Each structure stands twice: as structure tokens, then as C-alpha cells.
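The residues making up each chain are set out below.
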Amino acid sequence: MRIALSLIVILLSVSIYAQDDNKSSFLKLNNLSVKTLPYFYAADVQGYNFSGTIIGIEYNLIENRVINKFLDAEIGYSKLTEDNEISSAPNGYMLSFKYGYKFITDYNFFSSVRIRVSYSENHLRNSGIGEINSWKKEDILSMGPEIILGKRFNLFNNLFIDFGLGATYNYSWKDYKSYTWIKYWPKVDLQIGYRFKKLKS
């Protein structure tokens, strides 16, 4: 986990430096925004219930134009439980990293286009003789696009709320037995954020 987070931080730093028009302002705080969905719960997503949290950053690459361009990255953690009251399956989890761009107009409408990389740990029931109520772990690694369209609502003290609708699709190179539940789903995106740069009045 620590290695993965370290690699993500390095990737973001290199990406920002390579794309920032003004290298002298590399990782300038005024260009940064942080955002989060502290807790979410999604019921009956292809037979599973999801609960977890999302944190992310945006870094302003191009500003003072009709459409502003941001580097957009998020990390999400979800606990997975089967949508079945009598199931005794152990809980699984999903760790996701999303990386791409967000484009915001002067009217605060936005589109977010990102690549999503997900790692999941799920448990399948063994079907052999004498293996009733025994489980085996299945690790799932997947990747795919995520697209969200929405609107940003500016609040006070540099706070904002993003609301959007979209979809995500995950592809895996391995034919997992339980993979169908992770392939695709619609999304409702609701996050609160804070920008370090004050808006122009």
C-alpha cells in the first residue's frame, strides 16, 4: 500500500511538471485544489454493496481562458459486501486510482475524462466436496475509461461542490470468475472541495 501511494505521488509530480506552462511555478499552491467524498454507500451494484471514501486533487494547468484545463486525480477505497443477508462470504475491497483531465468552462460546467486503474480482492465459494462454507480469495486488476459531465457550484471561503453524472468501464486481461460485477456501472459524482486560489471578483 505504501509503495503504491508513493508511486502515485511521484507520477503526479512528474506529470504536473511536464505539463505546467510555467516551470518556475512548479507545484504552486495557488494552482491546487483538494476534494473529497468522505463517505459513500451504493446498494446492489451487480449483486454487491459498496461503501468507502474518495480523496483527490486538481492542479490548474491552463487558466484565464474560456475553458480551463486541470490535472484531475483521485484515490478511492471501497469495502465490498454481497447483497445477500444470508451470505457468509468474507468482505472484499477495491482500491482505485483515477488520473486524467478536467475541463471547466467560465460557467462552471465541466467534463472529466480519466483512466481508472482498480485492484479488488473478492472471495468465491469453493465448490469441491467437503468445502461447504469455505472461500478462496480472488485478486482482480482492471483498467478502463471514466467520463463524467457536471457542474461546479462555488460556495464561500474558496469551497465548492461538484455534481456530475457519468459512467466507468473496467477491462481485465484475465478471465476472472467473478469479473462481471466490476466491468461497468453508471456514476453519480458528488464531492466537496477547497481551492487555495481565491476567485476573481
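So, here is what we can say about the structure in this document. (Residues numbered from 1 in each chain as written. Predicted model: local features only at pLDDT ≥ 70, side-chain atom pairs only at ≥ 80, totals over all residues. Heavy atoms only, no water.)

**Brief notes about the layout of surface pockets**
Stage number 1. In this structure, the second largest pocket encloses a volume near 400 Å³.
Stage number 2. The wall of the second largest pocket is formed by 21 residues, among which Phe 40, Ala 42, Ile 54, Trp 185 and Lys 187 lie closest to the centre.
Stage number 3. Across the lining of the second largest pocket, the residue classes tally to 13 nonpolar, four polar and four charged. (1 Å grid on protein atoms, 1.4 Å probe; cavity = no way out; pocket = protein on both sides within 12 Å on 5 of 7 lines; lining within 4 Å. Points joined across faces, edges and corners; volume = space filled by probe spheres on them. Nonpolar A, V, L, I, M, F, W, Y, C, P; charged D, E, K, R; others polar.)

**What to know about the environment of Tyr 194**
Stage number 1. Following the sequence through the fold, Tyr 194 ends up in strand β8 (residues 184–195).
Stage number 2. The spacing of Tyr 194 and Lys 35 is 159 residues in sequence and 6.3 Å in space, taken between C-alpha atoms.
Stage number 3. With residues near it in sequence (within four places) discarded, Tyr 194 still touches Leu 32, Ser 33, Val 34, Asn 157, Asn 158, Leu 159 and Phe 160. (Helix = DSSP H or I, 4+ residues; strand = E, 2+ residues; numbered from the N terminus. Contact = heavy atoms within 4.5 Å.)

**Points about the nonpolar core**
Stage number 1. Core analysis: the biggest nonpolar cluster contains nine residues, these being Leu 37, Phe 40, Val 45, Tyr 48, Phe 50, Ile 54, Leu 80, Met 94 and Trp 185.
Stage number 2. Residue assignment for this core shows that the elements contributing at least two residues are β1 (32–45) and β2 (48–62).
Stage number 3. Those residues in contact with Ile 54, other than ones at most four positions away along the chain, are Lys 35, Thr 36, Leu 37, Phe 40, Glu 74, Ile 75, Gly 76, Lys 98 and Gln 191. (Core = buried A, V, L, I, M, F, W, Y, C linked by side-chain atoms within 4.5 Å. Buried < 20%, exposed > 50% of the residue type's maximum accessible area, 1.4 Å probe, protein only.)

**Here's the deal with the packing of aromatic side chains**
Stage number 1. Scanning all chains against the criterion turns up five aromatic pairs.
Stage number 2. For the pair Tyr 77 and Tyr 93, a centre-to-centre distance of 5.9 Å together with 25° between the ring planes defines the contact as stacked. With Tyr 77 in strand β3 (residues 67–82) and Tyr 93 in strand β4 (residues 92–105), this pair connects stretches of sequence that are 16 residues apart.
Stage number 3. Residue classification places Tyr 77 among the partly exposed residues on the basis of a relative accessible area of 39%.
Stage number 4. Centre to centre, the rings of Tyr 101 and Phe 103 are 6.5 Å apart; their planes meet at 40°, and the pair counts as tilted.
Stage number 5. An aromatic cluster is built from Tyr 77, Tyr 93 and Tyr 119, whose rings are joined through pairwise contacts.
Stage number 6. The residue whose ring lies beneath Lys 102 is Phe 110, and the NZ or CZ to ring-centre distance is 4.4 Å.
Stage number 7. We note Lys 151 situated over the ring of Phe 109; from NZ or CZ to the ring centre the distance is 4.4 Å. (Phe/Tyr/Trp six-rings, centres within 6.5 Å; stacked < 30°, edge-to-face > 60°. Lys NZ or Arg CZ within 6 Å of the ring centre and 35° of its normal.)

**So, the pairing of β2**
Stage number 1. The buried fraction of β2 is high, at 11 of 15 residues.
Stage number 2. With 10 bridges connecting them, β1 and β2 associate as antiparallel partners. Paired with Ser 33 across the bridge in β2 is Glu 58.
Stage number 3. Here β2 pairs with β3 via 14 bridges, running antiparallel. Looking across to β3, one finds that Glu 58 is bridged to Asp 72. (Pairing = 2+ DSSP bridges.)

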